[in-house]
Each structure stands twice: as structure tokens, then as C-alpha cells.
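# Commentary on secondary and tertiary structure
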Amino acid sequence: MKWSPVLLCLVGFALAGPLKSFVDLQNTKEQHPGEFGDYFEGDIVLPRSRTGLLAQTYRWPNNTLVYAFATSINETQRVLVNNALRLISDGSCLRFVNRTTEKDYVLVVNNETGCFSSVGRRGGVQFLHLENDDCFGAGTIAHEFLHALGFWHAQSAYNRDDYVIINWKNIVPGLEDNFSIKPNTTTNMFDLPYDYGSVMHYPSKAFSKNGKSTIVPRERGVEIGQRRGLSGLDFQRLNRMYNCTTRQ
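Residues numbered from 1 in each chain as written. Predicted model: local features only at pLDDT ≥ 70, side-chain atom pairs only at ≥ 80, totals over all residues. Heavy atoms only, no water.

### Structural notes on the confidence of the model for the protein
Put simply, the protein has an average pLDDT of 81, and 75% of its residues get 70 or more. Low pLDDT (under 50) marks residues 38-42, which in the prediction has 27 contacts with non-local residues, meaning those over four places away or in another chain. Here residues 44-52 is a poorly scored stretch, pLDDT under 50, and it has 31 contacts once near neighbours within four places are set aside; other chains count. (pLDDT = per-residue confidence, 0-100. Contact = heavy atoms within 4.5 Å.)

Below is the structure:
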């Protein structure tokens with residue numbers, strides 16, 4: 001899909017039915033199309049002049065994201081998306097509703113390579129791309145919709161250097177901007193700690209030019225880059241971002 005409006009963070013959700021096979025497939029891959037595309041930070045469609053999404057104008061009104069499917073998204077894929085969104089709404093005060101006549105909405109499409117999204121509500125129709133089976137795991141769907149809700153990647157957090165080491169020498173030349181930090185003047189961690197387990201965190205070898213780690217956690221034994229689902233902190237951050245009163 002954002003420390004920064006990387007506001008991101010998440011809680012592992014339980015997977016059900018057809019979601020599991022895609023998630024298992026994702027976890028066997030060294031790289032995922034959502035982190036290695038030709039877009040900003042791999043899967044973000046956003047003018048680079050924008051550094052944060054704290055402004056309320058980027059939030060979805062009434063905690064409700066409106067979405068629709070392109071005709072090319074088949075019924076099985078629609079079920080996978082709806083199931084993943086239900087997991088987000090079950091742990092938050094966010095609602096996801098099918099578009100009728102709303103002007104501002106997310107259109108799920110598959111006409112370009114990779115999995116990617118804009119960050120926050122942009123006004124009018126905005127596209128969320130899920131190209132193929134690799135994009136239809138529950139965690140990846142959640143990741144891209146969290147971008148649409150206003151989250152940057154977890155490692156964009158303004159305090160990330162206290163928690164991870166960036167191995168700049170291992171990054172593909174020209175892609176260093178994908179590891180930029182969003183300043184705390186435009187982003188917010190909502191008084192919650194850094195989340196290694198966030199579904200919004202890059203994996204250890206993101207944008208690696210040589211197969212070696214580009215991100216190394218300072219804490220031993222932690223996992224980064226999981227795409228199983230939102231972590232507990234992801235849910236908390238999401239709820240605080242949208243001023244939920246019933247789920248904190």
C-alpha cells in the first residue's frame with residue numbers, strides 16, 4: 001500500500017478457506033511482486049513530493065472505504081478480496097462497502113504487472129492493482145488496502161534506525177529512495193512502538209542487488225516482511241488513525 005503514516009502495523013489474522021493456499025505460496029518466495037515493482041517503494045503510486053498523510057483529507061470519511069471491482073477480476077478473486085477486507089473490519093472500526101454512486105472509491109484492477117496502490121484517499125477513482133495469484137493472499141490484499149487507507153511502509157518510520165540497519169551497499173543502485181524515512185512532522189506512530197511484525201514491513205532482502213539482506217533487525221530472532229495478515233500493532237495503529245472508540 002506507512003513512523004510515518006506508515007502508520008502501519010498489524011495483527012496476524014487467522015486465515016480461512018481458500019485464502020491459505022495463496023498465503024502459503026507467498027511465504028515460499030524470496031521476493032514478492034508487491035515489494036519489487038517499478039513504483040515508489042515498490043508498490044506505491046504516489047507523487048514523490050508527498051511525504052506524509054497525516055492530513056484528514058487523506059482519510060476515508062465515516063471510517064468507510066468504498067471499493068469496486070473491474071470486470072476482469074473474476075469471482076474467486078472477488079471472494080478473496082472480500083474475505084481479507086472482512087478480517088480487517090472484524091478487528092477495527094473500518095468498513096468496506098461496494099460502490100454504488102460514490103465519487104471517491106478504490107477500483108480493484110489487474111491490468112498492470114505487480115501488486116500496488118495509492119496511499120490514502122486521493123479523490124475520485126483510484127486504482128489498486130492485484131495482478132495474479134501472488135497478489136491475492138490475504139496479507140498482500142490487506143497490505144495494499146492499508147496503503148489505500150493511509151499507511152506507508154513500516155520501515156519508513158522516522159525512528160526506524162533505532163530498530164533496523166539498512167545495508168545500503170546491497171541495494172540495487174538507483175533504488176535507495178525506497179528506503180527513505182518519513183519525518184515525524186508529517187507522520188505519526190500514534191504512541192505505539194515500532195512493529196517488526198507489521199504486514200507493512202519490507203522483507204529482509206527487499207530490493208537486494210546481490211541476494212544479501214538490505215534490512216537487518218537490531219533485535220535478534222524477529223521476523224520482518226510477513227504477509228499473513230495484520231499484526232496486533234497494525235490493528236491498534238489503524239484504529240487510532242481513524243479515531244475508533246470501540247477498538248483500541
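### Notes on the packing of aromatic side chains
Two aromatic rings are characterised by how far apart their centres lie and by the angle between their planes. If you walk through the whole model with that rule in mind, you get ten aromatic pairs. Where Trp168 meets Phe179, the ring centres are 6.3 Å apart and the plane angle is 70°; that geometry is what we call edge-to-face. Taken together, the residues Trp168 in the loop between β7 (164-166) and β8 (215-217) and Phe179 in the loop between β7 and β8 connect sequence positions eleven residues apart. Judged by centre distance (5.6 Å) and plane angle (55°), the ring pair of Tyr202 and Phe207 falls under tilted. Assessed through its relative accessible area of 3%, Phe207 is described here as buried. Through successive ring pairs, a cluster of aromatic residues spans Tyr67, Phe69, Phe96 and Phe145. Of note, Arg99 hangs over the ring of Tyr105, and the distance from its end group to the ring centre comes to 4.0 Å. (Phe/Tyr/Trp six-rings, centres within 6.5 Å; stacked < 30°, edge-to-face > 60°. Helix = DSSP H or I, 4+ residues; strand = E, 2+ residues; numbered from the N terminus. Buried < 20%, exposed > 50% of the residue type's maximum accessible area, 1.4 Å probe, protein only. Lys NZ or Arg CZ within 6 Å of the ring centre and 35° of its normal.)

### What to know about helix α3 (residues 138-149)
Quick reminder: α-helices carry 3.6 residues per turn. Residues three or four places apart thus point the same way. Between its first and last C-alpha, α3 extends 16 Å over twelve residues, near the 16 Å set by a 1.5 Å rise per residue. For α3, the tally of buried residues reaches twelve of twelve residues, placing the bulk of the element in the interior. Taken as a whole, α3 has its buried residues at Ala138, Gly139, Thr140, Ile141, Ala142, His143, Glu144, Phe145, Leu146, His147, Ala148 and Leu149. Two residues or fewer past α3, Gly150 is found with a positive phi of approximately 125°. (Expected span 1.5 Å × (residues − 1).)

### Some details on the packing of helix α2 (residues 75-90) against α3
A packed helix pair is summarised by two numbers, namely the angle formed by the two axes and the spacing between the axes. Taken N-terminus to C-terminus, the directions of α2 and α3 make an angle of 70°; their axes are 9 Å apart at the nearest point. By the angle between their directions, the pair α2 and α3 is classed as roughly perpendicular. Once α2 is placed against α3, the crossing between them reads as right-handed. Listed contacts from α3 to Leu80, Val81, Ala84, Leu85 and Ile88 of α2 are Ala138, Ile141, Ala142 and Phe145. Across the contact of α2 with α3, the residue classes break down as nine nonpolar, no polar and no charged. (Axes fitted to C-alpha atoms, helices over the stretch in contact; angles between N-to-C directions. Parallel < 35°, antiparallel > 145°, perpendicular 65-115°, else oblique. Left-handed = near helix turned anticlockwise from the far one by under 90°. Nonpolar A, V, L, I, M, F, W, Y, C, P; charged D, E, K, R; others polar.)

### Side note on the state of the cysteines
By definition, a disulfide is the covalent link that joins the sulfur atoms of two cysteine residues. Taken as a whole, this structure holds two disulfides when the rule is applied. Note on cysteine connectivity: Cys93 is disulfide-linked to Cys244, with sulfurs 1.7 Å apart. Taking the sign of the S-S torsion, about -60° here, the bridge from Cys93 to Cys244 comes out left-handed. Note that Cys93 is positioned in the loop between α2 and β3 (95-98) and Cys244 in the segment after α4 (232-241), a separation of 151 residues in sequence. Here the two residues Cys93 and Cys244 agree in accessibility, since each one is buried. Take the cysteines of the protein that form disulfides and number them in order along the sequence; they join up as 1-4, 2-3. (Disulfide = S-S within 2.5 Å.)

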